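Listed here are the chains, written in short residue letters.
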Amino acid sequence: TSLSEKKIGLLIWHVSNFWQTKLRFILKQYRLSLNEYLILETLDFLNKNFKTTFQTNISIYAGIDESVVSVSLKLLENKNLIKRTVDHDNRKKIINILPAGQQLFDEIFPQIIQQENNLFDKLRDQKLHFCNLLRLILGKKIRIKAKNIL
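Conventions used here
Residues numbered from 1 in each chain as written. Predicted model: local features only at pLDDT ≥ 70, side-chain atom pairs only at ≥ 80, totals over all residues. Heavy atoms only, no water. Helix = DSSP H or I, 4+ residues; strand = E, 2+ residues; numbered from the N terminus. Buried < 20%, exposed > 50% of the residue type's maximum accessible area, 1.4 Å probe, protein only. Contact = heavy atoms within 4.5 Å. Phe/Tyr/Trp six-rings, centres within 6.5 Å; stacked < 30°, edge-to-face > 60°. Expected span 1.5 Å × (residues − 1). Bend = angle between axes of the 7 residues up to and from the residue. Salt bridge = Lys/Arg side-chain N within 4 Å of Asp/Glu carboxyl O. pLDDT = per-residue confidence, 0-100. 1 Å grid on protein atoms, 1.4 Å probe; cavity = no way out; pocket = protein on both sides within 12 Å on 5 of 7 lines; lining within 4 Å. Points joined across faces, edges and corners; volume = space filled by probe spheres on them.

1. Re the environment of L34
Reasoning step 1: Here L34 shows up in helix α3 (residues 34-49).
Reasoning step 2: Judged by its relative accessible area of 7%, L34 falls in the buried class.
Reasoning step 3: Spatially, the C-alpha atom of L34 lies 19 Å from that of N96, the residues being 62 residues apart in sequence.
Reasoning step 4: With sequence-adjacent residues up to four places away left out, L34 is seen in contact with W19, Q20, L23, R24 and L27.

Next comes the structure, spelled out in structure tokens:
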């Protein structure tokens, strides 16, 4: 067995790289980075569920460092996919996805879901357990799925 099969950290790293490579292959056709896509996906969710979306909300929800979000937002704005405006208190930036950005996201999203299903359906009924183990490593709360008793 190789070192990467013996060391769990390397195995997790390889899986993460494998996932990123598969998604980047799709995103390359649209000239988007993985971070840019994740921000569009986050904006899609946040804009549907909250009245206002701030830059800090994107960082928290997506789990992407604020400085990376800031750079990616500039790139998305230059591509005319999002619009940033300064809030009335002059400190927070409000982020809105523009129609072109929403249209692009709506086109890409099903492809990303299909690719992720191709990768992670191999886990079958162990997906939730696997995610919980990863959350446990990260020190986050685990989720328990209630079983139907009736």
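After that view of the structure, there is still more to cover.
2. A short note on the packing of aromatic side chains
Reasoning step 1: Within this structure, the stated rule accounts for three aromatic pairs.
Reasoning step 2: Considering the side-chain rings of Y37 and F105, the 5.9 Å spacing of their centres and the 25 degrees angle between planes classify their relative orientation as stacked. Taken together, the residues span a long stretch of sequence, with Y37 in helix α3 and F105 in helix α6 (residues 99-120) at a distance of 68 residues. Each member of the pair, Y37 together with F105, is buried.

3. Regarding the environment of E107
Reasoning step 1: Mapped onto the elements of the fold, E107 is located in helix α6.
Reasoning step 2: For E107, a relative accessible area of 42% gives the class partly exposed.
Reasoning step 3: Remark: the alpha-carbon pair of E107 and D65, spanning 42 residues in sequence, is separated by 26 Å.

4. Here's the deal with α6
Reasoning step 1: Across its 22 residues, α6 extends 31 Å between first and last C-alpha, which sits within 8% of the 32 Å expected from 1.5 Å per residue.
Reasoning step 2: The largest bend along α6 measures about 30 degrees and falls at I108, with the proline P110 one to four residues further on.
Reasoning step 3: Within α6, burial applies to G101, Q102, L104, F105, I108, I112, Q115 and L119.
Reasoning step 4: Those residues of α6 that are buried are in contact with α2 (8-28), α3 and β2 (93-97).

5. Quick notes on the pattern of salt bridges
Reasoning step 1: With the rule as written, the count across this model stands at four salt bridges.
Reasoning step 2: Residue R84 pairs with E77 through a salt bridge whose shortest N-O separation is 3.0 Å.
Reasoning step 3: The exposure class of E77 is partly exposed, given its relative accessible area of 25%.
Reasoning step 4: Among the ionic pairs, K127 bridges to D121, the shortest N-O distance being 2.7 Å.

6. Side note on the confidence of the model for the protein
Reasoning step 1: Per-residue confidence for the protein gives a mean pLDDT of 92; residues scoring 70 or more make up 97%.
Reasoning step 2: Ranking the elements of the protein by mean pLDDT puts helix α1 (residues 3-6) last with 80 and α6 first with 97.

7. With respect to the layout of surface pockets
Reasoning step 1: Looking at the largest pocket, its volume works out to about 1800 Å³.
Reasoning step 2: Along its surface, the largest pocket is lined by 39 residues, and W19, E116, F120, C131 and L134 are the ones closest to its centre.
Reasoning step 3: Among the elements of the structure, α2, α3, α4 (55-62), α6 and α7 (127-138) are those that each provide at least two residues to the lining of the largest pocket.
Reasoning step 4: Per-element tally for the lining of the largest pocket: the top contributor is α2, with nine residues.

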